[in-house]
Amino acid sequence: MNWIWILIRVTGLAGYFLLTLSLLAGIYRHIPRKKGDILAFHQIIGQVALLFIGVHACLLLFDTYQPYTLKSILVPFASPYDPILTGLGTIAAYLLLIVIFTSDFMKQIGRSLWKKTHYLISRFGCFLRFMDFF
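Residues numbered from 1 in each chain as written. Predicted model: local features only at pLDDT ≥ 70, side-chain atom pairs only at ≥ 80, totals over all residues. Heavy atoms only, no water.

Brief notes about the overall build of the protein chain
Item 1. Summing up its helical and strand segments, the protein chain has six helices and zero strands in all.
Item 2. For the protein chain, the N- to C-terminal ordering of α and β elements is α-α-α-α-α-α.
Item 3. The buried share of the protein chain, taken over its 134 residues, is 31%.
Item 4. Of the contacts formed within the protein chain by residues at least 6 apart in sequence, a portion of 51% connects residues at least 24 apart. (Helix = DSSP H or I, 4+ residues; strand = E, 2+ residues; numbered from the N terminus. Buried < 20%, exposed > 50% of the residue type's maximum accessible area, 1.4 Å probe, protein only. Contact = heavy atoms within 4.5 Å.)

Describing unusual backbone geometry
Glycine aside, residues mostly have negative phi angles, and peptide bonds mostly take the trans form.
Item 1. Not every positive phi belongs to a glycine, and Phe77 is a case in point at roughly 65°.
Item 2. Within the secondary structure, Phe77 is located in the loop between helix H3 (70–74) and helix H4 (83–104).
Item 3. Its identity is not glycine, yet Asp82 carries a phi of approximately 45°, on the positive side.
Item 4. Summarising the element assignment, Asp82 is placed in the loop between H3 and H4.
Item 5. Overall, the relative accessible area of 35% leaves Asp82 in the partly exposed class.

Re the packing of aromatic side chains
Item 1. Counted by the stated rule, this structure contains one aromatic pair.
Item 2. Both rings, one in Phe101 and one in Phe105, keep their centres 4.8 Å apart while their planes meet at 55°; by these two values the pair is tilted.
Item 3. Of the residues examined, Phe101 reaches a relative accessible area of 53% and is grouped as exposed.
Item 4. The exposure class of Phe105 is partly exposed, given its relative accessible area of 36%. (Phe/Tyr/Trp six-rings, centres within 6.5 Å; stacked < 30°, edge-to-face > 60°.)

Re the packing of helix H2 (residues 38–60) against H4
Working note: a packed helix pair is described by the angle between its axes plus the distance between those axes.
Item 1. Two elements in contact, H2 and H4, have axes separated by 11 Å at closest approach and are oriented at 145°. Considering the relative orientation of H2 and H4, their crossing is left-handed. In this structure, H2 uses Gly46, Gln47, Leu50 and Ile53 to contact H4, whose residues at the interface are Ala93, Leu96, Leu97, Ile100 and Asp104.
Item 2. Residue composition of the contact of H2 with H4, grouped by class: six nonpolar, two polar and one charged. (Axes fitted to C-alpha atoms, helices over the stretch in contact; angles between N-to-C directions. Left-handed = near helix turned anticlockwise from the far one by under 90°. Nonpolar A, V, L, I, M, F, W, Y, C, P; charged D, E, K, R; others polar.)

In short, the description is geometric, and any link to function would need to be established separately.
Quick look at the structure:
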């Protein structure tokens, strides 16, 4: 049994699921009187999802069935295996990094710019996850 192959799939699906939970928590947070701990949950789940995505990408380096190089993981559309879908996944991971980074520096960049960036990237990332799923 190829444990690396299984771990690659499990970490990828877990990251995908956690991002969906984070997105739903972010939407749910905007319901009046429901803001308390939902924001913390939204942030923590997003960061845990980033961790799973990072592990997923690192495990791809050790896959024996379809070997990946560092370039094919980090550069969108450079993968020899299904370059369109892996490119969309790479772009979605970079967008998640931008969302988390700008959220950490929200006070420095201003709430208005942060809100616009967060909204646009979240919607585009949701679209990429939807496209990657099919």
